[in-house]
Amino acid sequence: MIDLQGMSTIVFAGLGLLVGSFLNVVIYRLPLMLEAQWKSEAAEFSGTKLSDGLPFNLMTPRSRCPSCNHQIRWFENIPVLSYVFLRAKCAKCNTPISLRYPSIELATGTLFAFCGWQWGASATALAWAGFCACLVALTMIDWDTTLLPDDITLPLLWAGLIASAVQWTSVSLSSAVWGCIAGYISLWLVYWAFKLATGKEGMGYGDFKLFAALGAWFGWQALIPIILMASVIGAAVGIAMKFSSGLREGGYVPFGPFLAGAGLMVMIFSPQPIMSFVGL
């Protein structure tokens, strides 16, 4: 017989699969929507006429196959299962469907399941599930485009402060506020130190905002383990990609995915064991 904790885990896992399916849309469409918005603003500023914007937003129209324009029917869009039943191919033109789509759904479902198992059927679990969804989206968008959109980082930051204020997290509001401030300023200082020393930009402003958001969710005390894990793992992945000739043009690796990954690790294991592991 399934207990309440098990039921919460199952419900949150199912919810996570559905959210993961939507995140696939966000990850693909949001950068294109932002690009169209920037072009529109630039055209308005210069007084030039721009053609109509993108023919979609996050909600409409329904998803289509990029190869044959086949509209995805509801039974072809069931998280993970449709990928299996369709044998990873478009139902109309047999174009292969990337493994990335079910992977994002499974990752989100797993993270949501953890939230349901850890915090049960509660507002706290929903808050942390939303936190996970934002980090999954930011990870993939930054990896694809080197963008960390304000549309996600800033709501994530404010959500962390609000969750602290209403005691949906164990972080005091004071610690959350100082975590937000310290997270932003610390990377801002690193950015300018690196730029003054080398004349190059080592990271983007989105990294400051993401680190500030993580400070809001975990408090200033967690910033050290987060930045240590992100830096070490990021450096290891960067070196591996360099030796495998996997680096993109310019030889850079976006830092946001590693910040997000470190944030998820701290959520799962809490900062204290990680601090002890690194000897702090």
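As a reminder, the structure under discussion sits directly above these lines.
Residues numbered from 1 in each chain as written. Predicted model: local features only at pLDDT ≥ 70, side-chain atom pairs only at ≥ 80, totals over all residues. Heavy atoms only, no water.

Structural notes on the packing of helix α5 (residues 150-165) against helix α7 (residues 205-218)
When two helices pack together, you describe them by how their axes are tilted relative to each other and by the distance separating the axes. Between α5 and α7, the shortest axis-to-axis distance is 8 Å and the interhelical angle comes to 20°. Considering their axes alone, α5 and α7 lie roughly parallel with respect to each other. For the pair α5 and α7, the crossing hand works out as left-handed. Contacts between α5 and α7 pair Asp150, Thr153, Leu154, Leu156, Leu157, Ala159, Gly160, Leu161 and Ala163 from the former with Gly206, Lys209, Leu210, Ala212, Ala213, Ala216 and Trp217 from the latter. Grouping the amino acids of the contact of α5 with α7 by side-chain chemistry returns 11 nonpolar, 3 polar and 2 charged. (Axes fitted to C-alpha atoms, helices over the stretch in contact; angles between N-to-C directions. Helix = DSSP H or I, 4+ residues; strand = E, 2+ residues; numbered from the N terminus. Parallel < 35°, antiparallel > 145°, perpendicular 65-115°, else oblique. Left-handed = near helix turned anticlockwise from the far one by under 90°. Contact = heavy atoms within 4.5 Å. Nonpolar A, V, L, I, M, F, W, Y, C, P; charged D, E, K, R; others polar.)

Some points on a nonpolar patch on the surface
Nonpolar side chains collect at one region of the surface, where Leu173, Val177, Trp178, Ile181, Ile185, Trp188, Leu189, Trp192, Leu196, Tyr205 and Trp220 lie side by side and expose about 1,100 Å² of accessible area between them. Tracing the chain through its elements places isoleucine 181 in helix α6 (residues 173-198). (Patch = residues over 30% accessible without salt bridge, like charges linked within 9 Å, V, L, I, M, F, W, Y side chains within 5 Å. Areas by Shrake-Rupley, 256 points an atom, 1.4 Å probe, with all protein chains shown as cover. Salt bridge = Lys/Arg side-chain N within 4 Å of Asp/Glu carboxyl O.)

A word on the state of the cysteines
If you walk through the whole model with that rule in mind, you get 0 disulfides. In this structure cysteine 115 is not part of a disulfide, and its nearest cysteine sulfur, from cysteine 132, lies 4.0 Å away. Taking the relative accessible area as the measure of exposure, cysteine 115 reaches 0% and is therefore buried. (Disulfide = S-S within 2.5 Å. Buried < 20%, exposed > 50% of the residue type's maximum accessible area, 1.4 Å probe, protein only.)

Thoughts on the environment of threonine 139
Note on placement: threonine 139 falls in helix α4 (residues 123-145). Sequence-wise, threonine 139 and threonine 110 are 29 residues apart; in three dimensions their C-alpha atoms are separated by 16 Å.

Thoughts on the packing of aromatic side chains
Scanning the model with the defined rule gives 15 aromatic pairs in all. Considering the side-chain rings of phenylalanine 114 and tryptophan 117, the 6.1 Å spacing of their centres and the 45° angle between planes classify their relative orientation as tilted. Here phenylalanine 114 and its partner tryptophan 117 are both found in helix α3 (residues 100-119), 3 residues apart, which amounts to about one turn of the helix. The partly exposed category is assigned to tryptophan 117, whose relative accessible area is 44%. Here the aromatic rings of tyrosine 184 and phenylalanine 208 are separated by 5.5 Å at their centres, their planes lie at 85°, and the arrangement is edge-to-face. Within this pair, whereas tyrosine 184 is found in helix α6, its partner phenylalanine 208 is found in helix α7, the two being separated by 24 residues in sequence. (Phe/Tyr/Trp six-rings, centres within 6.5 Å; stacked < 30°, edge-to-face > 60°.)

Quick word on the environment of serine 174
The topology assignment puts serine 174 in helix α6. Residue serine 174 is classed as partly exposed on the basis of its relative accessible area of 46%. Linking serine 174 and tyrosine 83, residues 91 residues apart in sequence, is a C-alpha distance of 46 Å.

Concerning unusual backbone geometry
For the peptide bond that leads from threonine 60 to proline 61, omega is -10°, which places it in the cis range. Mapped onto the elements of the fold, proline 61 is located in the loop between α1 (4-46) and α2 (81-85). In this structure, arginine 87 is a non-glycine residue whose phi angle is positive, near 55°. By secondary structure assignment, the location of arginine 87 is in the loop between α2 and α3. Judged by its relative accessible area of 71%, arginine 87 falls in the exposed class. Positive phi values are uncommon outside glycine, yet glutamine 167 reaches one of about 65°.

Worth remembering: the numbers are spatial, not functional.
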